[in-house]
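Observations on the model geometry
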Amino acid sequence: MALSITTWNINSVRLRLPIVVQFLEQFRPDILCLQEIKCQNEEFPADAFRELGYDNIIVHGQKGYHGVATVSKLPLSEDHRQDYCGMGDARHISAIFEWAGRRIRLHNFYVPAGGDEPDPAANPKFAHKLSFVDEMKALRADAEPGVSAILVGDLNIAPFENDVWSHKQMLKIVSHTPVETEGLLEVVSRGGWLDLMRETVDPSQKLYTWWSYRAKDWAAADRGRRLDHIWSSPDLGPHLDRIEVLKEARGWDRPSDHVPVTARFSA
DNA sequence: ATGGCTCGCGGAGCGAGA
């Protein structure tokens, strides 16, 4: 019995509904986790997802910015929205689904980008990002007895050297500064998470999920970053078949700057 | 050679993304 879960920062779900539909029709993941939906709950285009068989929808949106949503062919229960940093931002939603006799809590995150200046004293957005990551360190993969866990989302940090196009040139660029990358690796180690993308793609290999809108030719420049992640509790590791990064989606009509990342499991 | 583009909001141009 297979299970597939996709994470995708969509950068406005209403504007990009055509490519979301294209993706779901072509790849049919069991569950799709979206970030940066940029709409309020009542504006989420739920009908379009229901028509495709995704009847189980949970949304944590807000006006204009941020926002996350999880749409699923499998029933979702015990949904929860955690307000990290007490900012009132819509950056997290989770729920439990059942697969192969297991109960699995699926977390969907949108971590703050952090602005330009990597100095928390000078840049409140960077301070917010660091506080957010600090709070995530308390999130354990075994938080609920008898419940496995999967954590996906746009974490806005590329932790390893080959998660960016140039480690040296990125060390002072927000998303790859040591305080961020060390912080994220501490979230992984303290929480007891498995980085499923790096379980299947060796750290010696470049791996990106995001390419800037500003490059003249994103594919030729190939200056990407691995900002999107899929983690799990250790018990699910042996069930991972593969990870698919759909790079071609960056070249679709009016694309997001992030591409869908899918984890495929078998029982 | 990173910031050059792309969003929402609102009805011009700005804040935000990363």
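As recorded by an unreviewed UniProt entry, chain A carries the name Exodeoxyribonuclease III and is attributed to Ciceribacter ferrooxidans. In UniProt, chain A has this text filed under Sequence similarities (unreviewed entry): "Belongs to the DNA repair enzymes AP/ExoA family."

The next thing to look at is the UniProt feature "site: Transition state stabilizer" (unreviewed entry) in chain A. Under the UniProt annotation, "site: Transition state stabilizer" (unreviewed entry) lies at Asn156. With respect to the helices, strands and loops of the structure, Asn156 is situated in the loop between strand 8 (147-154) and helix 4 (167-170). A polar contact of 2.7 Å, which involves the side chain of Asn156, links it to the backbone oxygen of Val111.

The next subject is the nonpolar core. In this structure, Trp8, Leu32, Leu34, Phe44 and Phe49 are the most contacted members of the largest nonpolar core, which totals 28 residues. Those elements that place two or more of their residues in this core are helix 1 (17-27), strand 2 (31-35), helix 2 (46-51) and strand 4 (68-72). No other element matches helix 1, which puts five residues into this core. Excluding residues within four positions of it along the chain, Phe44 makes contact with Val13, Leu34, Ile37, Cys39, Phe49, Ile57, Val59, Ala69 and Val71. Core analysis: the next-biggest nonpolar cluster, separate from the first, contains 21 residues, Leu106, Val152, Leu207 and Ile243 among them.

With that settled, the discussion passes to the packing of aromatic side chains. On inspection of all chains with the given rule, the structure shows 11 aromatic pairs. Both rings, one in Phe44 and one in Phe49, keep their centres 5.3 Å apart while their planes meet at 10°; by these two values the pair is stacked. Per residue, the accessibility class of Phe44 equals that of Phe49, and both read buried. Aromatic side chains Trp193 and Trp231 sit 6.2 Å apart centroid to centroid with 45° between the ring planes, which places their arrangement in the tilted category.

The next subject is the sheet that holds strand 6 (residues 92-99). Read from one edge of the open sheet, six strands run 5-6-7-8-12-9, paired in mixed fashion. Each edge of the open sheet is held by one strand with a lone partner, namely strand 5 (77-80) and strand 9 (194-195). Bridge analysis of strand 6 against strand 7 (residues 102-110) gives eight bridges, and the strand direction is antiparallel. Following the sheet pairing, His92 is matched in strand 7 by Phe109.

Here we take up the sheet that holds strand 14 (residues 261-266). Pairing in this open sheet of six strands is mixed, and the strands run 3-4-2-1-14-13 from one edge to the other. The two strands at the open ends of the sheet, each matched to only one other strand, are strand 3 (56-60) and strand 13 (240-245). In this sheet, neighbouring strand axes are inclined to one another by 10° on average, regardless of whether the strands run parallel or antiparallel. One ladder, built from five bridges, connects strand 1 (residues 2-9) with strand 2; its direction is parallel. Bridged to Trp8 within strand 2 is Leu34. The sheet contacts of helix 1 involve strand 1, strand 2 and strand 14, and relative to strand 1 the element is tilted by about 165°.

The rules behind these values
Per chain, the residues get numbers from 1 upward, laid out in the order the sequence is written. To read the labels, note that chains go from A and ligands from 1, taken in the order they are written. With pLDDT at 70 or above as the cut-off, local features in this predicted model cover only qualifying residues; side-chain atom pairs require 80 or more to be listed or tallied, and sums for whole chains, interfaces and linings still use all residues. Water and hydrogen atoms play no part in the side-chain values, which are based on all heavy atoms of the structure. UniProt positions are given in the numbering used here, feature names are shortened, and annotations may be inferred rather than shown by experiment. Secondary structure elements are defined from DSSP: runs of H or I of at least 4 residues count as helices, runs of E of at least 2 residues count as strands, and each element is numbered from the N terminus. We call two N or O atoms a polar contact when they sit within 3.5 Å, provided that within protein one can donate a hydrogen and the other can accept it, with sequence-adjacent residues counted only if both atoms are side-chain atoms. Each nonpolar core is a collection of buried residues, namely Ala, Val, Leu, Ile, Met, Phe, Trp, Tyr and Cys, held together in the definition by side-chain atoms within 4.5 Å. A 1.4 Å probe rolled over the protein chains alone gives each residue an accessible area, and that area as a share of the maximum for its type sets the label: buried under 20%, exposed over 50%, partly exposed in between. Residue contacts are defined here by distance: any two heavy atoms, one from each residue, within 4.5 Å place the two residues in contact. When two rings of Phe, Tyr or Trp (its six-membered ring) have centres within 6.5 Å they constitute a pair, described as stacked for plane angles under 30 degrees, edge-to-face for angles over 60, and tilted for the intermediate range. Between any two strands, at least two bridges found by DSSP are needed for them to pair. Comment: axis = line fitted to C-alpha atoms, over the contacting stretch for helices; angle = value between 0 and 180 degrees taken between N-to-C directions.

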